[in-house]
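# Inside the fold
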Amino acid sequence: MTLEAPQTVRSAGWSSRLGLFSVALLLVTLVLHRFFSLPTPLAINLFLTGLAGAGLALLIGVAALARIWFTGQPGAGGAALGIVMGLSALAGPASVVLAHHDLPWISDVTTDTANPPAFSALAARAQGANSATYPGRKSAQLQAQAYPDLRTLLLDRSPEEAFDLVEEALRRLRWHVIVEEPPILGKDAAPGIIEATEQTLLVGFTDDIVIRITGDATSARVDARSASRYGSFDFGENAQRLRRFLAEVRARAEVTPSAAAAAAAKKKKPGKAAARELLKRQKGRDQQKAESRNARRPSRSGAQRAPAQKDWRPW
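This section reports on the structure supplied with the text. Nothing here was measured: the structure is a model prediction, and the numbers come from that model.

Right, let's talk about the packing of aromatic side chains for a bit. All chains considered together, the criterion is met by three aromatic pairs. Ring geometry for Trp175 versus Phe245: centroids 5.9 Å apart, planes at 25°, classification stacked. In this pair, Trp175 sits in the loop between helix H5 (159–173) and strand E3 (176–181) while Phe245 sits in helix H6 (residues 237–255), placing the two residues 70 residues apart along the sequence. This pair shows no difference in class: Trp175 is buried, exactly as Phe245 is.

What follows concerns the pattern of salt bridges. This model, assessed by the stated rule, comprises 14 salt bridges. Arg212 is the partner of Asp112 in a salt bridge, and the nearest nitrogen-oxygen pair spans 3.1 Å. With Asp112 in the loop between strand E1 (108–110) and helix H4 (137–146) and Arg212 in strand E5 (residues 206–215), this pair connects stretches of sequence that are 100 residues apart. Of the residues examined, Asp112 reaches a relative accessible area of 13% and is grouped as buried.

This paragraph deals with the layout of surface pockets. Here the largest pocket defines a volume of roughly 1300 Å³. Every residue lining the largest pocket is counted, 38 residues in all, and those nearest its centre are Pro93, Val96, Val203, Phe205 and Phe235. At the level of elements, helix H1 (10–35), helix H2 (40–71), helix H3 (76–99), E5 and H6 are the ones that each hand at least two residues to the lining of the largest pocket. Ranked by the residues each element gives to the lining of the largest pocket, the list is headed by H3, at six residues. Here the residues of the lining of the largest pocket sort into 22 nonpolar, 11 polar and five charged.

We now examine the nonpolar core. Leu155, Val166, Trp175, Ile211, Val222 and Phe245 are the most contacted members of the largest nonpolar core, which has 28 residues in total. No other element matches the seven residues that H5 contributes to this core. Ignoring sequence-local partners within four residues, the contact set of Val222 consists of Thr111, Thr152, Leu153, Leu155, Ala162, Val166, Ile211, Arg212, Ile213 and Phe245. Counting residues in each nonpolar core, the second largest holds nine residues, with Val23, Leu38, Ala43 and Phe47 among its members.

Attention now goes to the environment of Asp102. Within the element layout of this structure, Asp102 appears in the loop between H3 and E1. According to the relative accessible area criterion, Asp102 is exposed, its value standing at 59%. In the structure, Asp102 is positioned 133 residues away from Phe235 in sequence and 9.5 Å away in space, judged by C-alpha atoms.

A separate point is the packing of H1 against H3. Close contact between H1 and H3 brings their axes to 7 Å; oriented N to C, the two are set at 30°. The angle between the axes of H1 and H3 places the two elements in the roughly parallel class. Crossing geometry of H1 relative to H3 is assigned as left-handed. Along its contact with H1, which presents Ala12, Ser15, Ser16, Gly19, Leu20, Val23 and Leu26, the element H3 presents Gly78, Ala79, Leu81, Gly82, Ile83, Met85, Ser88 and Ala89. Considering only residue class, the contact of H1 with H3 consists of nine nonpolar, six polar and no charged.

Quick look at H5 now. Because each turn of an α-helix spans 3.6 residues, side chains separated by three or four positions end up pointing in the same direction. The end-to-end C-alpha distance of H5, which contains 15 residues, comes to 21 Å, matching closely the 21 Å that a straight helix rising 1.5 Å per residue would cover. Where H5 ends, the next residue or the one after it, Arg174, has phi of about 65°, a positive value.

Reading the values: rules and limits
Residues numbered from 1 in each chain as written. Predicted model: local features only at pLDDT ≥ 70, side-chain atom pairs only at ≥ 80, totals over all residues. Heavy atoms only, no water. Phe/Tyr/Trp six-rings, centres within 6.5 Å; stacked < 30°, edge-to-face > 60°. Helix = DSSP H or I, 4+ residues; strand = E, 2+ residues; numbered from the N terminus. Buried < 20%, exposed > 50% of the residue type's maximum accessible area, 1.4 Å probe, protein only. Salt bridge = Lys/Arg side-chain N within 4 Å of Asp/Glu carboxyl O. 1 Å grid on protein atoms, 1.4 Å probe; cavity = no way out; pocket = protein on both sides within 12 Å on 5 of 7 lines; lining within 4 Å. Points joined across faces, edges and corners; volume = space filled by probe spheres on them. Nonpolar A, V, L, I, M, F, W, Y, C, P; charged D, E, K, R; others polar. Core = buried A, V, L, I, M, F, W, Y, C linked by side-chain atoms within 4.5 Å. Contact = heavy atoms within 4.5 Å. Axes fitted to C-alpha atoms, helices over the stretch in contact; angles between N-to-C directions. Parallel < 35°, antiparallel > 145°, perpendicular 65-115°, else oblique. Left-handed = near helix turned anticlockwise from the far one by under 90°. Expected span 1.5 Å × (residues − 1).

Laid out in structure tokens, this is it:
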């Protein structure tokens with residue numbers, strides 16, 4: 001008489017297979033989108049499919065493990081693997097959502113909500129992407145509550161100088177510049193405009209940025225706007241991007257003297273050099289006078305120089 005081996009719980013095997021497939025799908029999609037230009041809409045759908053599969057693998061694994069616990073059937077290893085794969089795939093997105101749950105549900109942020117800079121070269125969006133038009137008053141109110149520090153940057157520079165500072169800041173931030181239009185002063189005045197893009201670090205979603213520089217001969221206003229191409233929730237990424245940009249421009253302004261300051265320093269520098277040269281000449285003249293006086297003074301003999309000795313006699 002032979003004893004039949006207990007039947008393995010089939011759901012445990014399905015849990016492990018589904019978990020492994022979901023994790024592999026997420027990793028492949030991440031690599032293809034970040035480094036090989038996989039279209040973002042397709043990548044989003046694949047990400048959602050992978051997360052859904054991971055969640056299903058987790059549920060099936062838990063159910064299989066509970067059945068194994070009560071019946072004693074084999075298959076605990078497969079169920080455990082499915083649970084681990086499901087948790088590993090869902091842990092990252094879940095932690096990000098929990099860390100940013102208190103942020104507003106917006107994906108377009110600007111330093112000037114009353115008159116936000118407008119996209120031109122980057123206004124054309126693919127089907128299914130967010131509109132390039134600023135969302136409006138509701139988004140502005142949510143931004144004001146969550147990011148009150150995002151305001152217009154005022155500089156004691158001309159718009160041309162401010163434009164140069166912004167260009168240097170973008171080079172240091174390594175944003176991909178699409179359009180650069182320097183500001184124009186005078187009768188045909190026009191603001192300086194820079195449009196650029198940046199990819200998020202991990203997933204590689206592309207966000208659009210537009211910067212506007214206005215002002216007069218002595219002061220400039222720098223406004224910026226950062227918007228996600230896809231999705232209605234940006235996890236605070238656009239606000240952080242504008243903070244990095246504003247901080248970099250301020251840093252450039254602190255280490256770069258303005259044109260007025262450079263001109264003043266240039267004027268002062270020759271004056272100091274002239275003063276040093278005048279002092280040097282005066283010392284030279286004094287030395288020449290001293291040498292001349294010494295040359296005209298008659299030399300005295302040893303007898304003249306020595307005091308006359310009295311002929312002293314005791315008598």
